[in-house]
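# Close look at the chain arrangement
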Amino acid sequence: MRIRWFLTLGYRLNLVGLLAGFLLSYVALSDRAWWVLVGGSLERPAFLAQLSPFRVTLTALGEPVIIPIILYLVLGTRLSIIMVAGMMIAGSLTAAKSWSKHLFSLDGFWTPLGFLIFLFIGSEFLKLKLGLSIPLAGRSLVDYALPYGEEKILIHIPVAAEITWDYWVALAAGLLSLAAKLLHPTGQRA
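Quick look at the structure, then.

### Here's the deal with the overall build of the chain
A count of helices and strands for the chain gives 5 helices and 6 strands. A compact globule built from 190 residues should have a C-alpha radius of gyration of about 16 Å, whereas the chain, at 21 Å, is more than 25% larger. Overall, the chain is about 80 × 30 × 30 Å in size when its C-alpha atoms are taken along their principal axes. Of all intrachain contacts in the chain linking residues separated by at least 6 positions in sequence, the fraction that spans at least 24 positions is 59%. For the chain, the computed accessible surface area is about 11,300 Å², with 70% contributed by carbon and sulfur atoms. Taken as two groups, the 15 positive and 10 negative side-chain charges of the chain have centres that lie 23 Å from each other.

Now the structure itself:
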């Protein structure tokens, strides 16, 4: 109980919530990828995927792959998390009010977890449907049989995948969001 009192400055200001709100704002406004997949050589990749809930960049054979609906989906996600961050900051500044806890959302917590689950399901889908074993992190050799008339051409592509530092920042922001909601006073007074 003493820790809660200290971290909320006597139940007046939620310091953890403020930190979480500002970190969530950074995460939503950052245009960096959370996961990167490079196929082929690093200098001239055959394909490149840079993914986050706020950015999807796909390149195949040096040309960008544009899927129009994705632009709107990532924009919606970015705006949602910016709104969540703003509400968390507002709730942290008004910690003494009984209604302020309702401004805290766990979307900042669920977004990085959902992203990792999405990556895992996507890699399993590629393995099941196309026979491609894409690593979530690390290096491997992907074999693909390309149909050519009655024959098949076997292609070996080295791939490297990495979960970036920005993902870990987003996960930290999510964990801070969870902690802020749990620490937030429920209308107590000093």
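### Some remarks on the side chain of Ser-177
Positionally, Ser-177 belongs in helix H5 (residues 165-183). Judged by relative accessible area, Ser-177 falls into the buried class, the value being 0%. Look past the residues within four positions of Ser-177 in its chain and what remains in contact with it is Ala-20, Leu-24, Met-88, Ser-105 and Leu-106.

### With respect to the packing of aromatic side chains
Counting across every chain of the model gives 6 aromatic pairs. Ring geometry for Trp-34 and Phe-54: centres 5.8 Å apart, planes at 80°, overall edge-to-face. Here the residue Trp-34 occupies a position in the loop between helix H2 (15-29) and strand E1 (35-40), and Phe-54 occupies one in the loop between strand E2 (45-52) and strand E3 (55-60), the gap between them amounting to 20 residues. An angle of 35° between the planes, with centres 6.3 Å apart, marks the rings of Phe-115 and Tyr-167 as tilted. Highlighted residues: Phe-115 in helix H4 (residues 107-130) and Tyr-167 in helix H5, separated in sequence by 52 residues. Here Phe-115 falls in the buried class, since its relative accessible area comes to 7%. A relative accessible area of 1% places Tyr-167 in the buried class.

### Considerations on the pattern of salt bridges
Tallying each qualifying case throughout the model produces 3 salt bridges. A salt bridge links Asp-31 to Arg-78, with the nearest nitrogen and oxygen atoms 3.3 Å apart. Here Asp-31, found in the loop between H2 and E1, pairs with Arg-78, found in helix H3 (residues 68-93); they are 47 residues apart in sequence, far enough to count as distant. Residue class for Asp-31 comes out partly exposed when judged on its relative accessible area of 47%. Of the residues examined, Arg-78 reaches a relative accessible area of 16% and is grouped as buried.

### Concerning H2
One full turn of an α-helix is made of 3.6 residues, so residues set three or four places apart face in the same direction. For H2, with 15 residues, the first-to-last C-alpha span of 21 Å sits near the 21 Å given by 1.5 Å per residue. Among the residues of H2, those classed as buried are Val-16, Gly-17, Leu-18, Ala-20, Gly-21, Leu-24, Ser-25, Val-27 and Ala-28.

### Considering the sheet that holds E2
Working definition: the strands of a sheet are paired by backbone hydrogen bonds and lie parallel or antiparallel to each other. The strand order across the open sheet formed by 6 strands is E4-E3-E2-E1-E6-E5, and the pairing between neighbours is antiparallel. Taken across any chain shown, the strands that pair with only one partner, and hence form the sheet edges, are strand E4 (63-65) and strand E5 (138-148). Here the average twist between neighbouring strands, direction ignored, is 25°. As paired elements, E5 and strand E6 (residues 151-163) share 11 bridges and run antiparallel to each other. Its bridge partner being in E6, Leu-146 is matched across the sheet by Ile-153.

### Let's talk about the packing of H2 against H3
Closest axis-to-axis distance for the H2/H3 pair is 8 Å, and the angle between their directions is 165°. By the angle between their axes, H2 is roughly antiparallel relative to H3. Considering how the two elements wind past one another, H2 and H3 form a crossing that is left-handed. Where H2 approaches H3, its residues Gly-17, Leu-18, Ala-20, Gly-21, Phe-22, Leu-24, Ser-25, Ala-28 and Leu-29 are matched on the opposing element by Arg-78, Ile-81, Ile-82, Val-84, Ala-85, Met-88, Ile-89, Ser-92 and Leu-93.

### A short note on the nonpolar core
Membership of the largest hydrophobic core comes to 30 residues, with the highest contact counts inside it found for Leu-24, Val-27, Trp-34, Trp-35, Leu-37 and Phe-115. Looking at this core, the elements with two or more residues in it are H2, E1, E2, H3, H4, E6 and H5. Leaving out residues up to four positions away in the same chain, Leu-37 has contacts with Phe-47, Leu-48, Ala-49, Ile-134, Val-159, Ala-160 and Ala-161.

Definitions and cut-offs
Residues numbered from 1 in each chain as written. Predicted model: local features only at pLDDT ≥ 70, side-chain atom pairs only at ≥ 80, totals over all residues. Heavy atoms only, no water. Helix = DSSP H or I, 4+ residues; strand = E, 2+ residues; numbered from the N terminus. Rg over C-alpha atoms; globule rule 2.2 N^0.38 Å. Contact = heavy atoms within 4.5 Å. Areas by Shrake-Rupley, 256 points an atom, 1.4 Å probe, with all protein chains shown as cover. Lys, Arg positive; Asp, Glu negative; His and termini not counted. Charge placed at Lys NZ, Arg CZ, Asp CG, Glu CD. Buried < 20%, exposed > 50% of the residue type's maximum accessible area, 1.4 Å probe, protein only. Phe/Tyr/Trp six-rings, centres within 6.5 Å; stacked < 30°, edge-to-face > 60°. Salt bridge = Lys/Arg side-chain N within 4 Å of Asp/Glu carboxyl O. Expected span 1.5 Å × (residues − 1). Pairing = 2+ DSSP bridges. Axes fitted to C-alpha atoms, helices over the stretch in contact; angles between N-to-C directions. Parallel < 35°, antiparallel > 145°, perpendicular 65-115°, else oblique. Left-handed = near helix turned anticlockwise from the far one by under 90°. Core = buried A, V, L, I, M, F, W, Y, C linked by side-chain atoms within 4.5 Å.

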